[in-house]
Amino acid sequence: MENTKKIDVPVMAEVFAKGERPEYLFWVGCAGAFDDRYKKVARAFTKILTHFSTSYAVLGTEETCTGDPARRAGNEMLYQMQALTNIETFKNYEVKKILTICPHCFNIFKNDYPDLGGNYEVIHYTQFLQDLVKSGKLKMDSKVFNDKKITFHDPCYLGRANSEYDAPRDVLNAIPSTKVEMHRNKSFALCCGAGGGQMFKEAEPGTKEIFIERTEEAIETGANIIATSCPFCMTMVTDGLKYKNKEEEIFNLDIAELVATSLDL
Amino acid sequence: MTKQILFIVCLIATLGVFSFTIFRLYQLFKLTKKFPIGNYGKRFGLMLEVAIGQTKIFRKPVIGFVHALVFWGFLVILIGSIEMIVDGLFGIEKSLAFLGMAYNIIFASGDVFALIILIAIILFLGRRAFLNIKRFSGIEMTHKSHLDAYIALTIILLLMVSLLGMNTFYVVSVNQAEIKGLYPVSTYLAGLIGNGEQYSCYYEFFWWMHILLIFFFANMLPYSKHFHVFLSVPNVFLSRLDPLGKLPNMDSITQEIKSMMNPETAFAAPTGEVAPPERFGVKDVEDVTWKNYFDSLSCTQCGRCTSVCPANITGKKLSPRKVMMDLRYRMNEKGPQLVKNGKDYTDNKSLLKDCISVEEIWACTTCNACAQECPININHPTLIVEMRRYLVMEESAAPGGLNSIFTNIENNGAPWQFSAQDRLLWTNELYIKG
């Protein structure tokens, strides 16, 4: 390949053995590691990290579920086993700052781990990108999305759960394109329907699926791109677009992908 | 003098009934679990903002503004009610008049607010009766709930009528030079009547009507959904201060896991300090925290929570308002029996299953829209998760899909069946331009 460079993602155990102490632990999450669609998001964000020469490392095979889906589904025992294991791993690698792409991982590290003795500076990737925009390091002059209309779907665990509504919007606003809000947005945003363990079970009987209700709302805005920043939301919105037969005209992309594409990485 | 004695008798009766109600509630609160509070400074600020400032009610700006007017009006009028009690007790008139200019301002705004509240209540009544407001319906909104609302609104309406009547006939019957306080609305109304001392009996009538309505209302509220009038401000003060995304930790489990992980303590003889086994999660009223119960008593069934619940919007059975109403109902049913017969009493029913179905509990996405929307910071999702904790850890009764992810997380550290060894496959053949 011409003009391309292979990225060797730094793994904590190896980096640490060399005596280096990376600034961030990049927590990939189960979706980033295993979900075919979300792997692309993990890759896009890794490109961004590489582009900005960020000092980071991933845990690789030592990473294990944060325990979030178990916890919200009531399995506190399993959650705490996972959490205490992770806290032990973090201790071994002297982890101080954690970067996550999944808002559920972000929330549980930030709000729930401290009760078990795990205190870290937890940063969602949209916040990381927001800082780069604010400091002027992240400039996206590319015209790729110039004629596109983008709407953003707030993930509950970044938005209501942690009152972070600006970071994703500040990043999107730095991408030359038209932005449009859904009727229910920010603290009023409607859930995609996947949180609290719903992702992994059949929905209870009702008149409609939540993800269809939300996708319809996104379609109503006339956007060509529905931006998400959560693996669960992405699964739901992408399914919603397929259900509405709109997957050819409207694209569901993660903010990390929009940024990586704008930077032509 | 007769008036004074009569008043004191009424006041003592009111306080007597009220004390009984409070004592009964205190006994019920004693059945519940602890919920530590602290950080009073921050709480005070939150109370000023959310309760006094009514910030969250403005999430529905139009009707929210009408509610805010009623609330602020109540605060001003409350000062007048305190004066009436002082007057009644000591057989004097307008005992706070020494406040001078402040008195004029307070009573002028009270008089204007009485009219505003009167109009607002007529609006609320009309809206409830003739407009089809979706959040006023739902399976939990029984005939009794609606009746409760109509009664409370009617009493408030009568309170305002009597207040305006009292002020008007005060202006009518007292020599203009001797009028204490300013009454813009009532002075206008008085102008339509005329003046003369012969009207003072009407003043007495409305005075008694107003104070007796207050006494009656105060004692009725604790048994009505409008207990809200007393409890909403304290409920905001006692709010959870954590971000909505945080769930309370179960310390008993932490202890258990830590001893399992540490082989030295795992097989050590019991130290004798081990807490008696408690029930994991919430099954019935004695498992909830006192704050959960406080939430349920403060709820006025406005339905803002339910109207934003994604599960409810899409036709599922879950309604966060119903969760709160069921808790209050069940405490009323079982609580007094527990007080009477001791904590081992059972009626073979429980909050979870007999009031709130398992189907409702599993329909929640923990999106926190309900908690975000509640104007008085009631927190429904933590209670819902507590009931899930009971189902999963006491009964192993999670839906099939969730049982699979539990197994996967235990075996391979991810909700899906992928080997931990494959966790780096996503990094293969990753290139960056440039």
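Above this text is the structure in question.
As the structure is a computational prediction, the values presented were derived from the model and not from experiment.

*Asks:* Before we move on, can you summarise the pairing of strand β4 (residues 97-100) of chain A with the specific residues and values?
*Replies:* Residue and element names in this part refer to chain A. Where strand β2 (residues 24-27) and β4 come together, 4 bridges link them in parallel fashion. When the bridges of β4 are listed, Phe26 appears paired with Leu99. Relative to strand β5 (residues 121-124), β4 runs parallel, the two sharing 4 bridges. Residue pairing across strands places Leu99 opposite Ile123, the latter belonging to β5.

*Asks:* So what about the interface of chain A and chain B? Which residues, and what values?
*Replies:* The partner chain B presents 59 residues to the 68 residues of chain A that form the contact. Looking at the side of chain A that touches chain B, the elements that each hand over two or more residues are β1 (4-6), α2 (29-34), α3 (36-51), α4 (68-72), α5 (76-92), α6 (103-112) and α9 (210-220) of chain A. Classifying every residue of the side of chain A that touches chain B gives 24 nonpolar, 25 polar and 19 charged. For β1 of chain A and strand β1 (residues 431-433) of chain B, the ladder comprises 3 bridges, and the chain directions are antiparallel. What sits directly across from Lys6 of chain A, in β1 of chain B, is Tyr431 of chain B.

*Asks:* Hey, could you go over the sheet that holds strand β6 (residues 149-152) of chain A for me, with residue numbers and the actual values?
*Replies:* All names here are of chain A. Reading across the sheet, the 4 strands line up as β7-β6-β8-β9 and stay open at both edges, with parallel pairing between neighbours. Edge positions in the sheet fall to β7 (178-179) and β9 (251-254), since each of these pairs with one other strand and no more. Bridging between strand β8 (residues 225-228) and β9 involves 4 bridges; their strand directions are parallel. Within the sheet, the bridge partner assigned to Ile226 lies in β9 and is Asn252. Of the strands in this sheet, β6, β7 and β8 touch helix α8 (residues 166-173), which is tilted by about 170 degrees from β6. Here helix α10 (residues 231-243) sits on the sheet in contact with β8 and β9, set at roughly 170 degrees to β9.

*Asks:* Which residues make up the sheet that holds β2 of chain A, and what are the values?
*Replies:* Residue and element names in this part refer to chain A. Across the sheet, which stays open at both edges, the 4 strands sit in the order β3-β2-β4-β5 with parallel pairing between neighbours. The open sheet has two edge strands, β3 (56-57) and β5, and neither has a second partner. Where β2 lies against β3, 2 bridges are found, and the strand directions are parallel. By the bridge assignment, Leu25 is partnered in β3 with Ala57. Running at roughly 160 degrees to β5, α6 makes contact with β2, β4 and β5 of the sheet.

Conventions adopted
Numbering of residues begins from 1 in every chain and follows the order in which that chain's sequence is written. As a convention, the first chain written is A and the first ligand written is 1, with the rest following in written order. Local features in this predicted model are restricted to residues of pLDDT 70 or higher, and side-chain atom pairs are both shown and tallied only at a pLDDT of 80 or more, whereas totals for entire chains, interfaces and linings draw on every residue. Pairs of strands are assigned from DSSP output, requiring at least two bridges between the strands. Segments assigned H or I by DSSP are reported as helices when at least four residues long, segments assigned E as strands when at least two residues long, and all are numbered from the N terminus. This entry defines residue contacts through backbone-placed C-beta atoms, with two residues in contact when those atoms are within 7 Å. As a working rule, the residues Ala, Val, Leu, Ile, Met, Phe, Trp, Tyr, Cys and Pro are called nonpolar, Asp, Glu, Lys and Arg charged, and the rest polar, with Gly in that last group. Comment: axis = line fitted to C-alpha atoms, over the contacting stretch for helices; angle = value between 0 and 180 degrees taken between N-to-C directions.

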